Amino acid sequence: MIIIANWKLNLTLAEIKSWVLEFNAFSSSYSLNKVTPVICPSFIYVSYLKENLLNAHIGTQDSSEFLEGEYTGEVSAKQLKDYISYSIIGHSERRKNFSETDDIVQKKARLCVEHQITPVICVSALEQAAALKSFRDIIIALEPLENIGSGIPAKPEFIEDTAKKIVDIIPSAKVLYGGSVTAENAKGFSKLKNISGFLVGGESLNPVYFINIIKKCDM
Ligand code: PGA
């Protein structure tokens with residue numbers, strides 16, 4: 001299971017330092033069998049995590065559709081590849097707030113693949129998954145809009161059914177579920193067919209809650 005923390009626009013350096021202390025105490029004393037944790041902070045904290053986080057992968061919440069040049073403020077896969085192994089691409093908050101289209105999402109994902117970064121492409125509808133059918137070995141995060149940050153996760157039958165449809169479209173894809181995942185519901189969801197992990201927002205901000213999700217899925 002791949003369990004990804006999406007911190008979004010949260011946490012300061014001081015808060016991240018104490019998050020890392022707590023997580024490292026756990027990850028250095030507990031040997032994980034089934035779970036691969038991936039932590040996705042804001043860009044500026046990537047190198048701090050790279051130097052300090054133990055036994056977890058680091059990812060970003062975005063990666064540019066451009067590689068280099070006159071694109072002020074952008075960070076590209078070519079730069080990120082020395083630091084990270086995963087990048088969330090096309091989160092619904094980016095599609096909505098930054099007008100990311102399927103075309104932009106594909107450009108970003110393709111540059112990640114070319115730079116050995118696994119894109120974790122978020123989809124909230126099957127048409128968005130269909131737009132990705134030329135990709136292989138990607139991770140798709142199924143994130144229904146109404147379940148993100150609402151405290152109400154999707155129904156297990158819906159998750160299983162939609163995950164199957166996604167795998168029918170892209171057979172080599174791993175499908176994660178995201179939307180109000182907690183330690184209480186993670187264990188049940190982890191047993192659903194074609195679900196290979198979770199994208200966790202709110203509950204990942206507190207290391208204790210995030211560790212609890214990992215523990216439930218590692219049993
Ligand atoms: P949530 O967010 O866990 O807070 O619902 C998930 C996400 O947006 O990736």
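As a reminder, the structure under discussion sits directly above these lines.
Residues numbered from 1 in each chain as written. Predicted model: local features only at pLDDT ≥ 70, side-chain atom pairs only at ≥ 80, totals over all residues. Heavy atoms only, no water.

1. Focus: the side chain of Gln128
Line of reasoning, step 1. Here Gln128 lies in helix α6 (residues 126–130).
Line of reasoning, step 2. Those residues in contact with Gln128 that sit more than four places away from it in its chain are Arg95, Asp102, Cys122 and Val123. (Helix = DSSP H or I, 4+ residues; strand = E, 2+ residues; numbered from the N terminus. Contact = heavy atoms within 4.5 Å.)

2. Some points on the pairing of strand β1 (residues 2–6)
Line of reasoning, step 1. By the criterion of burial, β1 is predominantly enclosed, with five of the five residues buried.
Line of reasoning, step 2. Residues Ile2, Ile4 and Asn6 line one face of β1 and the alternating positions Ile3 and Ala5 line the opposite face, and both faces are buried.
Line of reasoning, step 3. Looking at chain direction, β1 and strand β2 (residues 36–40) are connected through five bridges and run parallel. Pairing of Asn6 across the sheet is with Cys40, part of β2.
Line of reasoning, step 4. As for the winding sense of the linkage, the β-α-β connection from β1 through helix α1 (residues 13–27) to β2 is right-handed.
Line of reasoning, step 5. For β1 and strand β8 (residues 197–200), the ladder comprises four bridges, and the chain directions are parallel. Bridging from a neighbouring strand, Ile2 pairs with Gly197 of β8. (Buried < 20%, exposed > 50% of the residue type's maximum accessible area, 1.4 Å probe, protein only. Pairing = 2+ DSSP bridges. Right-handed = clockwise from strand over helix to strand, strands pointing away.)

3. Quick look at the sheet that holds β8
Line of reasoning, step 1. Here eight strands make up a closed barrel; going around it, the order is β1-β2-β3-β4-β5-β6-β7-β8 and the pairing parallel. Going from strand to strand, the sheet's axes swing by 25 degrees on average, the running direction of each strand aside.
Line of reasoning, step 2. Taken together, the two bridges between β2 and strand β3 (residues 57–60) define a ladder with parallel strand orientation. Within β3, the residue paired with Ile39 across the bridge is Ile58.
Line of reasoning, step 3. Sitting on the sheet, helix α9 (residues 207–218) touches β1, β2 and β8, and the angle it makes with β1 is about 170 degrees. (Axes fitted to C-alpha atoms, helices over the stretch in contact; angles between N-to-C directions.)

4. Quick notes on the site of the ligand
Line of reasoning, step 1. Around the ligand, 13 residues are found, and the nearest of them are Lys8, His91, Gly149, Ser180 and Gly201.
Line of reasoning, step 2. Within the backbone of Ser180, an N or O atom sits 2.8 Å from an oxygen atom of the ligand.
Line of reasoning, step 3. In this structure, an oxygen atom belonging to the ligand sits 2.8 Å away from a main-chain N or O atom of Gly202.
Line of reasoning, step 4. In isolation the ligand offers 280 Å² of accessible surface; the protein chains occlude 95% of this area.
Line of reasoning, step 5. Taken together, the residues of the shell around the ligand sort by class into three nonpolar, eight polar and two charged. (Near = heavy atom within 4 Å. Polar contact = N/O pair within 3.5 Å; in protein donor to acceptor, adjacent residues only side chain to side chain. Areas by Shrake-Rupley, 256 points an atom, 1.4 Å probe, with all protein chains shown as cover. Nonpolar A, V, L, I, M, F, W, Y, C, P; charged D, E, K, R; others polar.)

5. Topic: the state of the cysteines
Line of reasoning, step 1. If you walk through the whole model with that rule in mind, you get zero disulfides.
Line of reasoning, step 2. With no disulfide of its own, Cys40 lies 9.5 Å from the sulfur of Cys122, the closest cysteine sulfur.
Line of reasoning, step 3. By relative accessible area, which is 1% here, Cys40 ends up buried.
Line of reasoning, step 4. Take Cys217: it sits in no disulfide, and the sulfur closest to it among the cysteines is that of Cys40, at 16 Å. (Disulfide = S-S within 2.5 Å.)

6. Re the environment of Glu203
Line of reasoning, step 1. One can find Glu203 in the loop between β8 and α9.
Line of reasoning, step 2. You can call Glu203 partly exposed: its relative accessible area is 24%.
Line of reasoning, step 3. Each C-alpha atom of the pair Glu203 and Ser28 lies 21 Å from the other, and the pair is 175 residues apart in sequence.
Line of reasoning, step 4. In this structure, Glu203 is in contact with Val181, Thr182, Ala183, Tyr209, Phe210 and Ile213, ignoring residues within four places of it in sequence.

7. Regarding the side chain of Ser63
Line of reasoning, step 1. Position of Ser63 relative to the elements: it lies in the loop between β3 and α3 (77–80).
Line of reasoning, step 2. Take Ser63: its relative accessible area is 1%, and that puts it in the buried class.
Line of reasoning, step 3. Within the structure, Ser63 has its side chain in polar contact with the backbone nitrogen of Ala77 (distance 3.5 Å).
Line of reasoning, step 4. When near neighbours in sequence (up to four residues on either side) are disregarded, Ser63 contacts Val75, Ser76, Ala77, Leu80, Ser87, Ile89, Lys108 and Cys112.

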